[in-house]
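Notes for the structure review
Here's the letter readout for the chains.
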Amino acid sequence: MTNNTEALNAIREAVGPKGWVDAADEVEPYVTETRGLWRGKCDLVVSPASTKETAAVVRICADGEIPIVAMGGNTGLVGGGLPNGGIVLATHRMNMVRDIDPVDNTMTVEAGCILADLQTAAESVDRLFPLSLGAEGSCRIGGNLSTNAGGVQVLRYGNTRDLVLGIEAVLPDGRIWNDLTRLRKDNTGYDMKHLLIGGEGTLGVITAAVLKLFPRPRRTETAFVGAASPEAILALFTRANTTLGNMLSGFEYASQFAAQVSFDHMEGVSNPLSGVYPAYGLIEVSNLADDDTARDALEAVLADALEDEVIVDAVVAQSETQSAAIWKIRESIPESQREEGASIKHDVAVPVSRVAEFIREANKRIIKELPGTRPCAFGHMGDGNIHYNLTQPPEMDGQAFMDEWGRFKKIVHNLVADMDGSFSAEHGIGTLKRDDLATYKQDVAIDMMRTIKNALDPKNIMNPGKVLPD
Ligand SMILES: Cc1cc2nc3c(=O)[nH]c(=O)nc-3n(C[C@H](O)[C@H](O)[C@H](O)COP(=O)(O)OP(=O)(O)OC[C@H]3O[C@@H](n4cnc5c(N)ncnc54)[C@H](O)[C@@H]3O)c2cc1C
């Protein structure tokens, strides 16, 4: 326990009896994460009901130099949201949609809104909020903003950063910064919101945001294809991109092993193709017109690719149920992979043109390093972002395999760096990748980051020990 009992009591008072917990069993969900890789500790979990209450809490923490870790849905995958003392500031009670406007095409929302609820809110005014990812039923928009989340629609709509017009945040000294602008044009100096977006809670607590809405597609079509290699799937992507243009809303890749774990281990998932292939692709197209334009265009691309022997097999979903079944293949991979034993994960990006080369070369290097290791590569090929996971050799002890994480990580991240890529495409830095930041990020960039951190948070109370290397 911190000895700052007085400050903690003041925080309890600021948020009222519904706004805090400190009993061990109630604190537990806030100090553990889904995969059990890290365990944190804290003195108090606070859940303010408003921006004003958040500011009051932060002011007390600033005075007492008490660390604050903001928490949304706790679905982050890099250990960024786990506290190491101080308080957790959970956002779930700030969950209002303050305003939604189909003329401005905007939605002003509080940080604790669950992503899936925001998709539904947009739909209620016949609009689309396109951010979509596997954890959407539990992650919260403040977490999405703070990690600049990606997901399955980046190809067409961009990352979270691209979906934001304005934000409201509480700065590390407790001041409220209200920049909830709906403007599409505003060139008035530095665009400060982009520091907090992707800032992983190290520069302030995001309390609300103005999000962009889009016209809602009337038709969405999904296809699943099999091919001889990742190069072939990449060639299909290039064709699809050229022909389908803006209709192309998702393009995912799965290696044979990645798709097979899903077929084998996830209930209700099966291979919709007539054979088993070394590489698979999932294509989604969507269109505003309520006619067959998107479907016809997709079928034409696939027919040409089959005729030219770019791909070997293809199926186009005939119903929403079939489309959901195809997406389930892709979305079930991480969970299904667990059934095959221990796994080491990498979330990397390379230029799209080099994705296939990356997969091939990484497989070669990893298997040479430890024969029997089963690469499980899948992800957002259209964004150049591959989740390059490794499953243990079947006979090996799981823990012994996990002990090799550093060795494998170095091989994969060195290769990514050689290909002008990123060692963290969408999950951020958190705790997991601080040493990678020190290794792979330019010194001048780290210097700028430190300068900004010191300027905004001189007492280092916002998520200390995360993102920046020591
Ligand atoms: C099954 C699954 C699939 C996933 N798929 C994707 C994917 O496709 N793309 C992707 O990008 N990510 C993905 N993720 C990772 C994760 O869901 C995202 O990073 C998500 O954006 C985190 O949101 P959260 O609310 O759970 O944040 P948390 O885990 O609670 O927090 C994440 C970070 O943001 C900070 N933070 C949270 N709220 C605030 C706030 N209001 N102000 C300031 N800082 C804050 C935390 O301190 C922490 O550093 C996936 C995770 C799972 C479990």
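Residues numbered from 1 in each chain as written. Predicted model: local features only at pLDDT ≥ 70, side-chain atom pairs only at ≥ 80, totals over all residues. Heavy atoms only, no water.

The subject of this paragraph is the site of the ligand. Every one of the 35 residues lining the ligand counts as a neighbour, but Ala70, Gly72, Gly73, Thr75 and Gly76 are closest to it. Contact distances for the ligand include 2.9 Å between an oxygen atom and a backbone N or O atom of asparagine 74. Contacts to the ligand include glycine 151, whose backbone N or O atom sits 3.4 Å from a nitrogen atom. Computed on the free molecule, the ligand has an accessible area of 980 Å², of which 90% lies beneath the protein chains in the complex. (Near = heavy atom within 4 Å. Polar contact = N/O pair within 3.5 Å; in protein donor to acceptor, adjacent residues only side chain to side chain. Areas by Shrake-Rupley, 256 points an atom, 1.4 Å probe, with all protein chains shown as cover.)

Time to look at helix H13 (residues 355-369). With 15 residues, H13 ought to run about 21 Å at 1.5 Å a step, and its terminal C-alpha atoms sit 21 Å apart, in line with that. Of all the positions in H13, only Val355, Ala356, Phe358, Ile359, Ala362 and Ile366 are classed as buried. Projection of H13 onto a plane perpendicular to its axis shows the buried side chains occupying an angular sector of 155°, all on one side. Exposed positions of H13 whose direction lies more than 90 degrees from the buried face are Lys364 and Lys368. Tucked into the core, H13 has its buried residues touching helix H8 (230-244), strand E13 (248-255), strand E17 (347-349), strand E18 (374-380), strand E19 (385-391) and helix H15 (405-418). (Helix = DSSP H or I, 4+ residues; strand = E, 2+ residues; numbered from the N terminus. Expected span 1.5 Å × (residues − 1). Buried < 20%, exposed > 50% of the residue type's maximum accessible area, 1.4 Å probe, protein only. Arc of directions from axis to C-beta. Contact = heavy atoms within 4.5 Å.)

As a further point, take unusual backbone geometry. Phi is positive for aspartate 420, close to 60°, though the residue is something other than glycine. Looking at the element boundaries, aspartate 420 is found in the loop between H15 and helix H16 (434-440). On the basis of relative accessible area, aspartate 420 is assigned to the exposed category, the value being 63%. At valine 467, a position not held by glycine, the phi torsion is positive, near 65°. If you trace the backbone, valine 467 turns up in the segment after helix H17 (443-456). On the basis of relative accessibility, which here comes to 9%, the residue valine 467 falls in the buried class.

Right, let's talk about the domain arrangement of the protein chain for a bit. Split by domain assignment, the protein chain resolves into domain 1 (5-90), domain 2 (97-215), domain 3 (219-334) and domain 4 (341-428). Placing a centre on the C-alpha atoms of domain 2 and another on those of domain 3 gives a separation of 29 Å. In this assembly, five residues from domain 2 lie in contact with twelve residues from domain 3. Summed over both sides, the interface of domain 2 with domain 3 buries roughly 760 Å², with 54% coming from carbon and sulfur. When the area that domain 2 buries against domain 3 is broken down by residue, the three leading residues are Val152, Leu155 and Arg156, summing to 77%. Between the two partners, domain 2 and domain 3, sit zero salt bridges. On inspection of domain 2 and its partner domain 3, the count reaches three residue pairs in polar contact (both at pLDDT 80 or more). Residues of the side of domain 2 that touches domain 3, tallied by class, amount to three nonpolar, one polar and one charged. (Domains from an automatic or database assignment. Buried area = accessible area lost by both parts, 1.4 Å probe. Salt bridge = Lys/Arg side-chain N within 4 Å of Asp/Glu carboxyl O. Nonpolar A, V, L, I, M, F, W, Y, C, P; charged D, E, K, R; others polar.)

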